[in-house]
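Below, each chain spelled out in residue letters.
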Amino acid sequence: MKEILTERQNLFEPNVYITMCVELTGKICPHQLTAAVKEAYKANEATMSRIVLEHGTVYYEKLSVSGCKTVITDKNWIELVRENEKLPFEIDKGELVRTFIIPADTDTQIMIMAHHLAGDGKSIIYLIKDMMNALANKTLIYKPLVLLTKNFFSDTRLSVSAKLYAHYCRRKWKNCFFTWQDYYNLHNKYWETACSDIQYKTLSVSETEQIIEKARQIGCSVNSCLVTMFLQKYQKKCEVGIPVSIRENKNEAMSNLTSGIRIKHLFDPKKTFAENAMQVDAKIKSKLHSSRFFALQFLAELPMTLIDAVLLNTHECYSDRLAKQTAKIMGYIGKTRDLGITNLTVIDIPVLYENYKIENIIFVPPAVSYAHNIIGISTVNGKMTFSFHNMVTDRAIN
């Protein structure tokens, strides 16, 4: 049994969908691409599994036939996101991914919407690689799920305060169980009025090179330079959430192998951009050294059903004092993060597959409940693309 522990918050999080829009060139038969997508599903345990929720325990269960979907359509990919985010993924039946093929005369788009329990952003990139290899008639290698356990953190320790709070929660929590009906009720309540506002911009090769060169001259990472650029736009001290990949040995399994850190910084106009960037870089490096695994370790120590209750409480589907208190500590209630910035860096898969080429991949992270102003960054063919994901009401979009 592959039990879900460190990614348990993704079960009842209503805004949990990772989106990728892949722009392809080369004459592609949509039905051949559909067959390739289905072959890619078969090659990954994550897309050949369903989620089981049983007396408070949640785990992956293998299926003989994938519950993931593939659709050929002529709709705009952002329109598809807005339609599909309102339709809860039937993860209890194995619907962890929806793939939409949008054909045209000379190019094709693949829009992938994946529930976070299918994997992290890198996972979807590797799923795209499988799709393209299958389209090019290459044999795919089956990849099992890799889930984190407490043994993964055996060399690191939680802070005393975090340990004490987790112990307090284990003593106080009454360990009530939630059901799939709670999952669907929460999703429908949240998306009744919520709607994604997605914007994106792709830089030219020269513009991308300028950012890389700027970071090199400053002596900081490209990611730190980008974070500083966004902080410069704000006139206040911001808390920034930054996901961190913890994949090892070039692991290409569809799994959640991501941790996260957060920093606080006020861009100081009295200092140069370079001075601010160096401060941001130092804060990020410090957090990577001191608390790279903190979020995952803390989640693994909490009662699992309390994590469910935190999400249900956040969205007013359940009322409990301890759940509310824990939601505040975890950042779901009260002061949420001002920015969430996920940089997949240079996409580490080939772009050429026989007669087909990946021109671009637009990456849109989920606008999770504990953060605002979500930014996704990906670099393909030397060009950097930014996506901006915020939540608005249906009325605002209309």
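You'll find the structure just up there.
Thresholds applied
Residues take numbers from 1 onward in each chain, read along the sequence in its written order. The model is predicted, so local features are restricted to residues of pLDDT at least 70 and side-chain atom pairs to those at 80 or more, both for listing and for counting; the totals for chains, interfaces and linings are taken over all residues. Note that the side-chain values use all heavy atoms of the structure and ignore hydrogens as well as water. The salt bridge definition used is simple: a Lys or Arg side-chain nitrogen within 4 Å of an Asp or Glu carboxyl oxygen. Here a helix means four or more residues in a row that DSSP labels H or I, a strand means two or more in a row labelled E, and each is numbered from the N terminus. Each residue's exposure class comes from its accessible area (1.4 Å probe, protein chains only) as a fraction of the maximum for that residue type: buried when under 20%, exposed when over 50%, partly exposed otherwise. As a rule, the C-alpha atoms of each element are fitted with a line to give its axis, helices using only the stretch in contact, and angles between N-to-C directions run from 0 to 180 degrees. For classification, angles of less than 35 degrees are called roughly parallel, those exceeding 145 degrees roughly antiparallel, those between 65 and 115 degrees roughly perpendicular, and all remaining angles oblique. Less than a right angle of anticlockwise turn of the near helix away from the far helix marks a crossing as left-handed, whereas a clockwise turn marks it as right-handed. Every residue pair with non-hydrogen atoms within 4.5 Å of one another is taken to be in contact. By definition here, a helix of n residues has an expected span of 1.5 Å times n minus one. The directions from the helix axis to the C-beta atoms form the arc being described. Throughout, the protein atoms alone are placed on a 1 Å grid, and a set of points is a cavity if a 1.4 Å probe fits but cannot get out or a pocket if it is open with protein on both sides within 12 Å along at least five of seven lines; lining residues have an atom within 4 Å of a point. Grid points are joined across faces, edges and corners, and a volume is the space filled by probe spheres set on the points. Ring geometry is summarised as follows: Phe, Tyr and Trp rings, the Trp one being its six-membered ring, pair when their centres sit within 6.5 Å, and such pairs are stacked at plane angles under 30 degrees, edge-to-face over 60 and tilted between the two. Lysine and arginine charges are scored as sitting over a ring when NZ or CZ, respectively, is within 6 Å of the ring centre and within 35 degrees of the ring normal. Grouping buried Ala, Val, Leu, Ile, Met, Phe, Trp, Tyr and Cys residues that are joined through side-chain atoms within 4.5 Å yields what is termed a nonpolar core. Only strands joined by at least two bridges in the DSSP assignment are considered to pair.

(A) Structural context of the pattern of salt bridges. Overall, the coordinates contain 22 salt bridges when judged by the stated rule. Between glutamate 252 and lysine 129 there is a salt bridge; the shortest N-O distance is 3.3 Å. Highlighted residues: glutamate 252 in the loop between β9 (238-245) and β10 (258-265) and lysine 129 in helix α4 (residues 121-135), separated in sequence by 123 residues. What makes glutamate 252 partly exposed here is its relative accessible area of 24%. One continuous salt-bridge network, built from bridges that share partners, spans Glu239, Arg262, Lys264 and Arg337.

(B) Fine view of the packing of helix α2 (residues 30-42) against α4. Where α2 meets α4, the closest approach of the two axes is 8 Å, and the angle between their N-to-C directions is 130°. The angle between α2 and α4 places the two elements in the oblique class. Of the two possible hands of crossing, α2 and α4 adopt the one that is right-handed. Taking contact as the criterion, the partners of Gln32, Leu33, Ala36, Val37, Glu39, Ala40 and Tyr41 in α2 are, on α4, Leu127, Asp130, Met131, Ala134 and Leu135.

(C) Region of interest: α2. An ideal rise of 1.5 Å per residue puts 18 Å on 13 residues; α2 measures up with 19 Å between its terminal C-alpha atoms. Every buried residue belonging to α2 is among Leu33, Thr34, Ala36, Val37, Ala40 and Tyr41, and all of these are buried. Seen end-on, α2 carries its buried residues on one side only, within an arc spanning 160°. In this structure, the buried residues of α2 make contact with β5 (69-72), β6 (97-103), β7 (107-115) and α4.

(D) View of empty space enclosed by the protein. Applying the stated criterion to the full structure yields two cavities of 30 Å³ or more. Mapped by element, the contributors of at least two residues to the lining of the largest cavity are β2 (17-25) and β8 (194-202). Around the second largest cavity sit Leu11, Phe12, Glu13, Pro14, Val16, Tyr17, His115, Tyr183, Leu186 and His187, which together line it. Listing elements by their share of the lining of the second largest cavity, those giving two or more residues are α1 (9-12) and α6 (180-191).

(E) Local environment of the packing of aromatic side chains. For the coordinates displayed, the defined rule picks out 15 aromatic pairs. Joined through ring pairs, the aromatic side chains of Tyr165, Tyr168, Phe294 and Phe298 make up one cluster. Here the basic side chain of lysine 214 rests over the ring of phenylalanine 273, its NZ or CZ set 4.1 Å away from the ring centre.

(F) Up close: helix α5 (residues 160-172). The first and last C-alpha atoms of α5 sit 18 Å apart over 13 residues, in line with the 18 Å expected at 1.5 Å per residue. Taken together, the buried positions of α5 are occupied by Ala162, Tyr165, Ala166 and Cys169. On an axial view of α5, the arc spanned by its buried residues comes to 100°, and they lie on one face. Set apart from the buried face of α5 by more than 90 degrees, the exposed residues are Val160, Leu164 and Arg171. As for α5, its buried residues are in contact with α10 (294-301), α11 (304-314) and α12 (321-330).

(G) Here's a closer look at the environment of alanine 300. Mapped onto the elements of the fold, alanine 300 is located in helix α10. Linking alanine 300 and leucine 87, residues 213 residues apart in sequence, is a C-alpha distance of 29 Å.

(H) View of the nonpolar core. Formed by 96 residues in total, the largest nonpolar core has its most connected members in Ile51, Trp77, Ile128 and Ile358. Counting residues per element, this core draws most heavily on α4, at nine residues. Once residues lying within four places of it in the same chain are set aside, the contact partners of tryptophan 77 are Thr19, Cys21, Ile102, Gln109, Met111, Ile198, Tyr200, Ile362 and Val364. Ile211, Val227, Val244 and Ile375 belong to the second-largest nonpolar core, a separate cluster that totals 20 residues.

(I) Up close: unusual backbone geometry. The backbone of asparagine 137 shows a phi angle near 65°, a positive value even though the residue is not glycine. Here asparagine 137 lies in the loop between α4 and α5. Under the relative-accessibility criterion, asparagine 137 is labelled exposed at 72%. You will see that threonine 345, though not glycine, has its phi angle at about 60°, which is positive. Mapped onto the secondary structure, threonine 345 falls in strand β11 (residues 339-346).

(J) Structural detail: the sheet that holds strand β15 (residues 383-393). The strand order across the open sheet built from six strands is β8-β15-β14-β11-β9-β10, with neighbouring strands paired in mixed fashion. This sheet does not close on itself; its edge strands, each paired only once, are β8 and β10. Neighbour to neighbour, the strand axes of the sheet diverge by 20° on average, direction disregarded. When β8 meets β15, the two strands line up antiparallel, connected through nine bridges. Across the sheet, aspartate 197 pairs through a bridge with asparagine 390, a residue of β15. In the packing of helix α9 (residues 273-291) onto the sheet, contacts are made with β9 and β10, and the angle to β10 comes to roughly 140°.

(K) How the structure looks around the sheet that holds strand β4 (residues 57-62). A sheet is described by the order of its strands in space; here three strands give the open sequence β1-β4-β3, paired in antiparallel fashion. The outermost strands of the open sheet, each flanked by one partner alone, are β1 (2-3) and β3 (49-54). Alignment of β1 against β4, held across two bridges, turns out to be antiparallel. Residue pairing for β4: lysine 2 is matched across the bridge by tyrosine 60.

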